[in-house]
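Residue-level structural notes
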Amino acid sequence: LLFTAYACMAIFRLDHDEVFNLELALEHDIRENSNFAFSQAMGNKGVDDVNSVADFWSWMRLGVVPLVIGTGQEWIYSEDFRGGTHPAPAPQCVSAGAWATYRGDAELASSVEFPYKSTDRLPITGDYLQFNRIIGGIQAVQTVAEEDDCRVKDAFADSFNDKWWKKSCVPHPSFNDNLPPESWAAEDVGSKDRGEWLLVTTSQANLTQKMLDMETGCQGTGAQGCLCNTCVEGANAFPWIDERTQKVSLRVLVFNPNMGMYALTSTVFFFARSGHVWKDIVVQSFRMTNYGSTSTTWVLIVAMVIWCCILIHMIRKETQEILEVVRRFGVKSIYDQYIGFWNVVDWISIAGSIPVVTVWIAFDLSVSDVNQQMMSMIQSDLLSDETALNHLYSLVDTVNWWARSQRYLLSTYPVIVMLRLFKSFHEQPRLALVTRTMVWCGTDIVHFGLVLLVIFMTYAISGVCLFGQHLYYYANIERAMHTTFRMFLGDSDWHDLSLAGHVPAGIYYWTFNILLVMIALNVLLAIILDGYTHIKAKIGDDAETLVSQSLEIYNRWIQVRRKQLIAIEGVLQAFQDKEVERLKTEQFDKYNGRWDAEILEEAQRGVLLREDLINVDDVFLVVPEMGKKQARDLMKGGLQLYEKEYPPMTAEEKGVEDVHRDVGTIKSLVAEIRRDLQLRRGGASAAANASEGLSTRFLRHNVRKLAALVEDELLEEDQFQACQKLVMRHLGGLGR
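Residues numbered from 1 in each chain as written. Predicted model: local features only at pLDDT ≥ 70, side-chain atom pairs only at ≥ 80, totals over all residues. Heavy atoms only, no water.

**Points about the overall build of the chain**
The condition that has to hold: Labels follow the DSSP assignment, with helices taken as runs of H or I lasting at least four residues and strands as runs of E lasting at least two, numbered in each case from the N terminus. A 1.4 Å probe rolled over the protein chains alone gives each residue an accessible area, and that area as a share of the maximum for its type sets the label: buried under 20%, exposed over 50%, partly exposed in between. Should any heavy atoms of two residues lie within 4.5 Å, those residues are considered in contact. Computed with the Shrake-Rupley method and a 1.4 Å probe, the accessible areas treat only the protein chains shown as cover for residues.
Secondary structure assignment for the chain yields 27 helices and 10 strands. Counting only residues that meet the buried cut, the chain has 35% of its 736 residues in that class. Relative to all contacts within the chain whose residues are 6 or more apart in sequence, the contacts with residues 24 or more apart total 65%. A total of about 44100 Å² of accessible surface is found on the chain, and carbon and sulfur atoms cover 58% of it.

Below you can see the structure in the form of structure tokens.
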């Protein structure tokens, strides 16, 4: 029930099907349609072709800004009707004059009034992909590095900087720009240096002029008329992107009222110190309600209530167990009487729920802050105010941070719930087959794992040395380990490996597959299968199935409710009470009539460890309200359980036990013979001389018993070789 409630809660909370749909639409539009390098009406390059600063500004002016903010006509008219810098030629069936007249921009309306309910003509300023509304515009921010010394030798530095390099160097960023950056580096906007806004309310001419000023450092307008706010420093102006720029993020926040979702699209460019430009597009979206779509809200709420109730029940139950242990045995006995593997699992599941609940509440509160800021900006007409927009985007960044944390926690907590499921599986033999197999062969797996790890790391290190210069997924040891593990599971690309040379790559590939895939993997499977076979044979084919055990538990519960059966806990409690009374009566002076933890502990131990035989009549004396059938079934079930846990010994096992018993007898006889010898050699005292005859007779008697035992018992049982060394060692000591 805990697993099911949590699964419903997490799945319907995230509701990723609609989230995926929106994020795919936004990412796909920028990746596929923000084109530049036009030839007539065809843009030949896209965002993935931005490989320099010049490419970036071309993509900005001709690609993403016209696509996202646009002139309005792109929403309504097809490519042939579109005006602008690259008008399409006339179709073959239409004359050039008629086409030019029909296509004239002045004759085409920039918006259309539709018959359905609308307060304005469509498209409305800020519309994006029909169903989304841009909030503010495009926010352009970057991360700027401080100047640093170049990494050259000290003796070479002065002449290097003054006569040849003649500029400062820039350190590497906090993220690794040598390899394709991770997604978290793109999602984290960083320090937000040199922030600029391209607002949807700005005219197309001013947008173009601002981008030109950002690119050139206001060379065409001068510092006084520069539209780039962060390009001017005093009386000087400089380009927006320079050599200190490490990362540029172009961010667009949209709201989709049809889905009730915000979505922040970030197109991120990492300017590596090598001169390469890494690109990534990340979309981070969240709902304004936080409780999924309307159709699943009630499922989410019910699942939340059930999950919280189960957690409260777990806390109450575990706390009661601790208090009971403290009451009976004292605080110091918690470790011995309470701490156990499954109790630790229970507390881990309780502790793991605390950050889940904390992040859940923090995420809801942060989304509420975004909604309030958004409503305030709409009411105060501040959707074009840069200060208000910066505050809104900061709140959105906070929401996205909590959203990432929530996803990580929601994905981790099921592992804890899985351990609790294993606790339940442990009580059912067929369900516990897998866990018992892993426990049984755990020692072999650990020892073999060390051998496997040595071979695995050998090939990971070899992969770094051999392929790291050509393949980025072998460039460092972390990526090489991941790639080696993929190869271990059969996911490999020979074409990429062969870039290092067919001969060295072939040796690496062949030996890897022979040692790890063909030999090591099969040995690991053999260890596990051997343990599975052993545990399977141990539980037997007659072990209860889950269905039969469930029916038995249900029927027993019904009979207990109807007073037809006595619960097993009640039977144990009755025997324990009887044992307590016996201890109080027989050891009154010890306990002085007190009911304390000591007598209770001894009573529990006495009930569980008692060795005297009991029959049905004894059970009736202790539990008179129990029925005869239950008493007989209880005795029969206990006998079957005992025989299963302690099966009768086979002939071979009995022979081995006899050997152990005889060896013990030999040890005792040897000890007696040694004592006799010490008595004979004890000195010339009168007492010793008087007892010489008696000790001699005992010595001869014990030696004859030892010889008879070795010759008659062990040789007749054909077990002499099993303990020959032990007997001869003792006899050798006797001779000395």
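Next, the rest of the story.
**Considering the environment of glycine 540**
Secondary-structure assignment places glycine 540 in the loop between α17 (502–539) and α18 (546–561). C-alpha separation for the pair glycine 540 and arginine 430, spaced 110 residues apart in sequence, amounts to 9.7 Å.

**Structural notes on the side chain of serine 249**
Checked against the element boundaries, serine 249 lands in strand β8 (residues 245–256). Contact partners of serine 249, with chain neighbours within four places excluded, come to Gln139, Ala140, Val141, Val189, Thr267 and Val268.

**Considerations on unusual backbone geometry**
Not every positive phi belongs to a glycine, and lysine 192 is a case in point at roughly 60°. One can find lysine 192 in the loop between α7 (183–187) and β5 (193–199). Note on lysine 192: relative accessible area 28%, which makes it partly exposed. For aspartate 381, which is not glycine, the phi dihedral falls at a positive 55°. Considering the arrangement of structural elements, one finds aspartate 381 in the loop between α11 (341–379) and α12 (386–425). The exposed category is assigned to aspartate 381, whose relative accessible area is 68%.

**Quick notes on the packing of aromatic side chains**
Our working rule: Between rings of Phe, Tyr and Trp, where Trp is taken as its six-membered ring, a pair exists when centres lie within 6.5 Å; planes separated by under 30 degrees are stacked, by over 60 edge-to-face, and by other angles tilted. Any Lys NZ or Arg CZ that is within 6 Å of a ring centre and within 35 degrees of that ring's normal is treated as a charge sitting over the ring.
Tallied over the entire structure, the rule returns 21 aromatic pairs. Ring geometry for tryptophan 57 versus tryptophan 240: centroids 6.3 Å apart, planes at 70°, classification edge-to-face. Of this pair, tryptophan 57 sits in helix α3 (residues 53–68) while tryptophan 240 sits in the loop between β7 (236–237) and β8, and the two are 183 residues apart along the sequence. The buried category is assigned to tryptophan 240, whose relative accessible area is 1%. Site record: aromatic cluster; members linked through ring pairs are Tyr459, Phe467, Tyr472, Tyr473, Tyr474, Tyr508 and Phe512. A cation over a ring is seen here: arginine 13 above tryptophan 360, with NZ or CZ 3.8 Å from the ring centre.

**A look at the state of the cysteines**
A covalent bond between the sulfur atoms of two cysteines is referred to as a disulfide. Note the cut-off: Throughout, disulfides are identified as pairs of cysteine sulfur atoms within 2.5 Å of each other.
Tallying each qualifying case throughout the model produces 2 disulfides. Covalently, cysteine 218 is tied to cysteine 226 through a disulfide, its sulfur atoms 1.6 Å apart. Using a relative accessible area of 3% as the deciding quantity, one classes cysteine 218 as buried. Between the sulfur atoms of cysteine 228 and its disulfide mate cysteine 231 the distance is 2.0 Å. Across the S-S bond of cysteine 228 and cysteine 231 the torsion is about 65°, and the bridge reads as right-handed. For the pair cysteine 228 and cysteine 231, a shared accessibility class is recorded, and that class is buried.

**Let's talk about a nonpolar patch on the surface**
What counts here: Residues qualify for a patch when their relative accessible area is over 30% and they have no salt bridge, like charges being joined within 9 Å and the nonpolar side chains of Val, Leu, Ile, Met, Phe, Trp and Tyr within 5 Å. The working definition used for a salt bridge is a side-chain nitrogen of Lys or Arg within 4 Å of a carboxyl oxygen of Asp or Glu.
A contiguous nonpolar patch, built from Trp510, Ile514, Leu515, Met518, Ile519 and Val523 and spanning about 590 Å² of accessible area, is present on the exposed surface. For isoleucine 514, the location among the structural elements is in helix α17.

**Here's the deal with the nonpolar core**
Put simply, the rule is: The set of buried Ala, Val, Leu, Ile, Met, Phe, Trp, Tyr and Cys residues whose side-chain atoms join them within 4.5 Å is what this entry labels a nonpolar core.
Grouped together as the largest cluster of nonpolar side chains are 41 residues, with contacts concentrated most on Phe56, Trp59, Met60, Val65, Trp240, Leu250 and Phe269. Looking at this core, the elements with two or more residues in it are α2 (16–33), α3, β4 (132–144), α8 (204–216), β8, β9 (261–271) and β10 (277–287). Here this core takes 7 residues from α3, the largest share from any one element. The contact partners of valine 65, leaving out residues within four places of it in the chain, are Met60, Gly70, Ile138, Leu198, Leu207 and Met211. The next biggest cluster of nonpolar side chains, apart from the first, holds 21 residues, and it includes Leu253, Leu264, Val370 and Val399.

**Examining α17**
What counts is decided by this rule: Each helix should span, by expectation, one fewer than its residue count multiplied by 1.5 Å.
Between the first and last C-alpha of α17 there are 53 Å, a value that for 38 residues agrees with the 56 Å anticipated at 1.5 Å per step. Looking one or two residues beyond α17, the residue adopting positive phi is glycine 540, at roughly 80°.

**Structural notes on the side chain of aspartate 364**
Here is the rule: Whenever a nitrogen or oxygen atom comes within 3.5 Å of another N or O atom, the pair is scored as a polar contact, on the condition that within protein one atom can donate a hydrogen and the other can accept it, and that pairs from neighbouring residues in sequence are kept only if both atoms are in side chains.
Along the chain, the position of aspartate 364 falls in helix α11. For aspartate 364, the side chain forms a polar contact with the side chain of arginine 13, separated by 2.9 Å.

**Details of the packing of helix α15 (residues 477–488) against α17**
Selection rule: Axis definition: a line fit to C-alpha positions, over the contact stretch in the case of helices; interaxial angles, taken between N-to-C directions, run 0 to 180 degrees. Here a crossing is taken to be left-handed if its near helix is turned anticlockwise relative to the far helix by less than a right angle, and right-handed if that turn runs clockwise. Any residue that is not Ala, Val, Leu, Ile, Met, Phe, Trp, Tyr, Cys, Pro, Asp, Glu, Lys or Arg is counted as polar, Gly included; the first ten are nonpolar and the last four charged.
At their nearest, the axes of α15 and α17 sit 10 Å apart, and the two run at 65° to each other. For the pair α15 and α17, the crossing hand works out as right-handed. Contact with α15, carried on its side by Thr484, Met487 and Phe488, involves Tyr508, Tyr509, Phe512, Leu516, Val517 and Leu521 of α17 and no other residues of that element. Of the residues in the contact of α15 with α17, the class split is 8 nonpolar, 1 polar and no charged.

**Topic: the pairing of β10**
A regular strand places its side chains so that they alternate between the two faces of the sheet. So the rule is basically this: Between any two strands, pairing holds if DSSP finds at least two bridges.
For β10, the buried fraction is high: 8 of the 11 residues fall into the buried class. Of the strand pairs in this sheet, β9 and β10 are connected by 11 bridges, and their pairing is antiparallel. Within β10, the position partnered with methionine 261 by the bridge is arginine 287. Linking β9 to β10, which pair antiparallel, is a turn of 5 residues; within it glycine 275 sits at a positive phi near 105°.

**A short note on the pairing of β8**
In terms of burial, β8 is a largely internal element, 12 of the 12 residues being buried. Looking at chain direction, β4 and β8 are connected through 9 bridges and run antiparallel. Pairing of glutamine 139 across the sheet is with arginine 251, part of β8. Between β8 and β9, which pair antiparallel in sequence order, lie 4 residues; one of them, glycine 260, sits at a positive phi of approximately 65°.

**Description of the confidence of the model for the chain**
Our working definition: One confidence number per residue, pLDDT, is output by the predictor and ranges from 0 to 100.
Overall, the predicted model of the chain reaches an average pLDDT of 76, with 68% of residues at or above 70. In the model, residues 683–695 has pLDDT below 50 throughout and makes 8 contacts with residues more than four positions away in sequence or in other chains. Counted against residues more than four places away or in other chains, residues 712–736, with its pLDDT under 50, gives 27 contacts.

**What to know about the packing of helix α1 (residues 2–14) against α12**
Our working rule: The scheme is simple: roughly parallel for angles under 35 degrees, roughly antiparallel for over 145, roughly perpendicular for 65 to 115, oblique for anything else.
For the pair α1 and α12, the least separation of the axes is 10 Å and the interaxial angle reads 165°. Between α1 and α12, the angle is such that the two are roughly antiparallel. Crossing hand, α1 versus α12: left-handed. Packed against α1, whose contacting residues are Leu2, Phe3, Tyr6, Ala10, Arg13 and Leu14, the element α12 presents Gln406, Arg407, Leu409, Leu410, Tyr413, Pro414, Val417, Arg420 and Leu421 at the interface. Across the contact of α1 with α12, the residue classes tally to 11 nonpolar, 1 polar and 3 charged.

**Concerning the pattern of salt bridges**
Enumeration according to the criterion identifies 13 salt bridges in this entry. For aspartate 364, the salt bridge is made with arginine 13, and the minimal N-O distance between the two is 2.9 Å. Here aspartate 364 is found in helix α11, whereas its partner arginine 13 is found in helix α1, with 351 residues between them in sequence. Taking the relative accessible area as the measure of exposure, aspartate 364 reaches 16% and is therefore buried. Residue classification places arginine 13 among the buried positions, given a relative accessible area of 5%. Between glutamate 182 and arginine 479 there is a salt bridge whose closest N-O contact spans 3.5 Å. A residue pair is termed long-range when its members are at least 10 positions apart, and glutamate 182 in the loop between α6 (154–165) and α7 and arginine 479 in helix α15 qualify at 297 residues. A relative accessible area of 43% means that glutamate 182 is categorised as partly exposed.

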